[in-house]
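Summary of structural features
Read off the chains here:
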Amino acid sequence: MALKMRFLYYSGKAKMKSIAEAVKVEFDLAQNANAIDIIPPAYSCQNERLVILAVSGKGDPDDILRRFCFELDKKKAQNVALLVDGDQKMADKLIETVKSAGTNLVGDVKFIKIGGLPFLGGKLNDDEKTDILNWVHGIVDQLQ
């Protein structure tokens, strides 16, 4: 059974888009042109079973990210999973915001470290890709 899922990211790092593309391919999300997007997305979420929020940052989320997360209610997303390239404070603030919007936070927060070196071109190595895809599979398995 296909899961209605979106991968939304808030990062200027090319590797975050590579992660989104890997998830799109792995879960055959190609039929949905809006399956991956930046935050705020061009098209709002509507009755999504799962929204994966992937963010880069430290400390408090900026106003754009905070407002977007606060608007993710049950009508837009039943479940939210967090992938964080940052610190625990950022994760805690996002968890608090998502829960206050009334959405279910599913799975453990996945912390990653993405270097900002532009010459790497945002390419994922095999270990990183496997690790992230295993995390997403674990979340999807919880929901089915």
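Structure first, text after, so check above.
These numbers were taken from a predicted model, which means no experiment stands behind them.

**Some points on the pairing of strand 4 (residues 79-86)**
- With respect to burial, strand 4 is a largely interior element, eight of its eight residues being buried.
- Of the two faces of strand 4, both are covered, the one formed by Asn79, Ala81, Leu83 and Asp85 as well as the one formed by Val80, Leu82, Val84 and Gly86.
- Both strand 3 (residues 50-57) and strand 4 contribute to a ladder of seven bridges, which runs parallel. Note that in strand 4 the partner of Ala54 across the bridge is Leu83.
- In the classification by handedness, the crossover that spans strand 3, the intervening helix 2 (residues 63-70) and the parallel strand 4 is right-handed.
- With two bridges connecting them, strand 4 and strand 5 (residues 104-105) associate as parallel partners. Looking at strand 5, one finds that Asn79 is bridged to Asn104.
- Here strand 4 pairs with strand 6 (residues 110-111) via two bridges, running parallel. The residue of strand 6 that forms the bridge with Val84 is Phe111.

**Some remarks on the pattern of salt bridges**
- Evaluation of the coordinates by the stated rule reveals seven salt bridges.
- Two residues, Lys15 and Glu128, come together in a salt bridge whose shortest N-O distance is 2.9 Å. Of this pair, Lys15 sits in helix 1 (residues 14-26) while Glu128 sits in helix 4 (residues 126-143), and the two are 113 residues apart along the sequence.
- The class for Lys15 is buried, based on a relative accessible area of 13%.
- With a relative accessible area of 22%, Glu128 lands in the partly exposed category.
- Between Asp131 and Lys110 there is a salt bridge, and its shortest N-O distance comes to 2.6 Å. Of this pair, Asp131 sits in helix 4 while Lys110 sits in strand 6, and the two are 21 residues apart along the sequence.
- A relative accessible area of 37% means that Asp131 is categorised as partly exposed.
- What you see here is one network of salt bridges that share partners, running through Asp60, Lys89 and Lys93.

**Comments concerning the packing of helix 2 against helix 3 (residues 88-101)**
- Across the interface, helix 2 lies against helix 3 with an axial gap of 8 Å and an inter-helix angle of 35 degrees. In contact with Leu65, Arg66, Cys69 and Phe70 of helix 2, helix 3 contributes Met90, Leu94, Thr97, Val98, Ser100 and Ala101.
- Here the residues of the contact of helix 2 with helix 3 are counted per class, giving seven nonpolar, two polar and one charged.

**Looking at the nonpolar core**
- Counting residues in hydrophobic clusters, the biggest one holds 29 residues, and the most contacted among them are Met5, Phe7, Ile19 and Leu50.
- Elements that contribute at least two residues to this core include exactly strand 1 (5-10), helix 1, strand 3, strand 4 and helix 4.
- Those residues within four positions of Ile19 in sequence are excluded, and the remaining contacts are Phe7, Leu83, Ile112, Ile114, Leu124 and Ile132.
- Counting 20 residues, the second-largest nonpolar core is a separate cluster that includes Cys45, Val51, Phe68 and Leu72.

**Considerations on the environment of Arg66**
- Checked against the element boundaries, Arg66 lands in helix 2.
- Spatially, the C-alpha atoms of Arg66 and Thr97 are 7.0 Å apart, while their sequence positions differ by 31 residues.
- The residues touching Arg66, leaving out its near neighbours within four places in the chain, are Pro61 and Thr97.

Here is what the cut-offs are and how they apply
Residues numbered from 1 in each chain as written. Predicted model: local features only at pLDDT ≥ 70, side-chain atom pairs only at ≥ 80, totals over all residues. Heavy atoms only, no water. Buried < 20%, exposed > 50% of the residue type's maximum accessible area, 1.4 Å probe, protein only. Helix = DSSP H or I, 4+ residues; strand = E, 2+ residues; numbered from the N terminus. Pairing = 2+ DSSP bridges. Right-handed = clockwise from strand over helix to strand, strands pointing away. Salt bridge = Lys/Arg side-chain N within 4 Å of Asp/Glu carboxyl O. Axes fitted to C-alpha atoms, helices over the stretch in contact; angles between N-to-C directions. Contact = heavy atoms within 4.5 Å. Nonpolar A, V, L, I, M, F, W, Y, C, P; charged D, E, K, R; others polar. Core = buried A, V, L, I, M, F, W, Y, C linked by side-chain atoms within 4.5 Å.

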